[in-house]
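Secondary and tertiary structure notes
Residues per chain, in single letters:
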Amino acid sequence: MTTATSKSNSSTATSNSANSNAAQVEAPFTEKATEAAHHAVDALSTRAASAEHSVRQGASSSAQTLSEKQAIARAKINEYSGKTRKLASENPLATAGIAFAAGMLVTALIRRK
């Protein structure tokens, strides 16, 4: 029995040695694959950061442009509404005539449908 146990132990040792050698043979491939994956992730991260920065910069620029356009539009609305009120107060009869004509036009358009 000692002989059978010895052979069994020696085959287990040989098997463990073979697994260790196999792991060492596979390790360079695994390391290369891991390194390549890390480089790919780093490159993707850099590109994503660049794209995010570009999008944020564009959004900020658009928001600033929109704010400027709103300010200009508000100023023009205030200017024209002031002129309209001045014209209406200076010519009340013309204002009433224009309001009547606009009402008739709207009524005619609504009745057609």
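Look a little higher up for the structure.
First things first, this report covers the structure right here in the doc. (Residues numbered from 1 in each chain as written. Predicted model: local features only at pLDDT ≥ 70, side-chain atom pairs only at ≥ 80, totals over all residues. Heavy atoms only, no water.)

The helix and strand tally for the protein chain stands at two helices and zero strands. The burial tally for the protein chain puts 0% of its 113 residues in the buried class. Only carbon and sulfur atoms are counted for the fraction: they give 62% of the accessible area of the protein chain, which is about 10100 Å². (Helix = DSSP H or I, 4+ residues; strand = E, 2+ residues; numbered from the N terminus. Buried < 20%, exposed > 50% of the residue type's maximum accessible area, 1.4 Å probe, protein only. Areas by Shrake-Rupley, 256 points an atom, 1.4 Å probe, with all protein chains shown as cover.)

What follows concerns the pattern of salt bridges. Enumeration over the complete set of coordinates arrives at two salt bridges. Residues Arg56 and Glu52 are paired through a salt bridge, measuring 3.0 Å at the closest nitrogen-oxygen approach. Pair noted here: Arg56 and Glu52 are both in helix α1 (residues 2-90), with a separation of four residues, about one helical turn. Arg56 sits in the exposed class, given a relative accessible area of 56%. For Glu52, a relative accessible area of 43% translates into the label partly exposed. (Salt bridge = Lys/Arg side-chain N within 4 Å of Asp/Glu carboxyl O.)

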